[in-house]
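So you can see what is in the structure, the chains are spelled out below.
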Amino acid sequence: MKKSLLLATITALLLTGCGKDQDVLVVGTNAAFPPFEYMGGANGDEVKGLDIDIAKAIAADAGKTLKVENLKFDSLIVALNSGKIDFIASGMTITDERQKSVNFSTPYYEATQVVIVNQDSQVFNTPADLAGKKIAVQLGSTGDIMAKELKAEVVAFNTGFEAFMELKNHKVDLVLFDSQPAATYLAKNPTLKQLDIDFSPEFYGIAVAKNQPELLSQINATLVRLQSSGEYQQLLEKYQK
């Protein structure tokens, strides 16, 4: 009996040691979506960006240290619901479909999809003009969802960079991508241009597992604080140059 009790105690301690550090909050992101998240720093191995600064503020307000997990975008919700990460900050658009799996914070950024083409491309004026076209997107992104709704031929990549390279190599007709990250890519690629097509606006939110209402409340409180103090506007100006 004593041996059994000792074994049970040791097992419990080992299991406790395998759990998450209670002083750490883990954010999941995909660091290929500048200026919201990207690889940078002195050695190019640090995840930086607007979302990361917001995540740091969330952790600080909770009295915890932030840990960043850089994952594929389409695996973020799976990682969240499996407990690998605590929340998602990755330029994620709030959609009805995603809300079936996660809860979102109050919106913190308004964006829209834009069409990027080569300078010598034909002109597309409406969403209907994109039907049947070959469109490059980031896997699991809003652009991916919209392209499928447009009944287009969709070529999905893990990063926006890969999608833009496919366009530059004239292997697709266009890239469908979020407006601000698209502007970052355009600034570095003068052979590309943006077409003005009227898409509905979309809103980014911080995603939290359904069973974490307290964390969601903390995140919303931090977003309110950042916006009311003017810190959020400073972050926007820092990253939207």
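Residues numbered from 1 in each chain as written. Predicted model: local features only at pLDDT ≥ 70, side-chain atom pairs only at ≥ 80, totals over all residues. Heavy atoms only, no water.

Asks: Explain the sheet that holds strand 9 (residues 113–118) here, please?
Replies: The strands making up a sheet associate through backbone hydrogen bonding, with each pair oriented either parallel or antiparallel. One open sheet accounts for five strands, arranged 11-10-12-9-13; its pairing is mixed. Strands with a single pairing partner mark the edges of an open sheet, and in this sheet they are strand 11 (153–157) and strand 13 (192–195). Going from strand to strand, the sheet's axes swing by 35 degrees on average, the running direction of each strand aside. Summarising the sheet, strand 10 (residues 134–138) and strand 11 pair through five bridges and their orientation is parallel. Its bridge partner lying in strand 11, Gln138 is registered against Phe157. Running over the sheet, helix 5 (residues 142–149) touches strand 9, strand 10, strand 11 and strand 12 (174–178) and is turned about 155 degrees from strand 10. On top of the sheet, helix 7 (residues 179–188) reaches strand 9, strand 12 and strand 13; it is set at about 125 degrees to strand 12, its chief contact. (Pairing = 2+ DSSP bridges. Helix = DSSP H or I, 4+ residues; strand = E, 2+ residues; numbered from the N terminus. Axes fitted to C-alpha atoms, helices over the stretch in contact; angles between N-to-C directions. Contact = heavy atoms within 4.5 Å.)

Asks: Any chance you could explain the environment of Tyr239 here in plain terms?
Replies: Here Tyr239 is to be found in helix 9 (residues 231–239). Among all residues touching Tyr239, those that are not within four sequence positions of it are Pro35, Tyr38, Gly49, Leu50 and Asp53.

Asks: Sorry, what's going on with the packing of aromatic side chains here?
Replies: Remark: the centre distance and the inter-plane angle together describe each pair of aromatic rings, the angle taken between the planes. Taken as a whole and judged by the stated rule, the model has 10 aromatic pairs. Pairing Phe36 with Tyr109 gives two aromatic rings, centres 4.9 Å apart and planes at 80 degrees, and the pair type is edge-to-face. With Phe36 in the loop between strand 2 (32–33) and strand 3 (37–40) and Tyr109 in strand 8 (residues 109–111), this residue pair connects regions lying 73 residues apart in the sequence. As far as burial versus exposure is concerned, Phe36 and Tyr109 are alike and both buried. For the pair Phe164 and Phe177, a centre-to-centre distance of 5.5 Å together with 90 degrees between the ring planes defines the contact as edge-to-face. Placement of the pair is Phe164 in helix 6 (residues 160–168) and Phe177 in strand 12, with a sequence separation of 13 residues. Take Phe164: its relative accessible area is 2%, and that puts it in the buried class. These aromatic residues form a ring-pair network of at least three members: Phe33, Phe36, Tyr108, Tyr109, Phe164, Phe177, Tyr185 and Tyr204. (Phe/Tyr/Trp six-rings, centres within 6.5 Å; stacked < 30°, edge-to-face > 60°. Buried < 20%, exposed > 50% of the residue type's maximum accessible area, 1.4 Å probe, protein only.)

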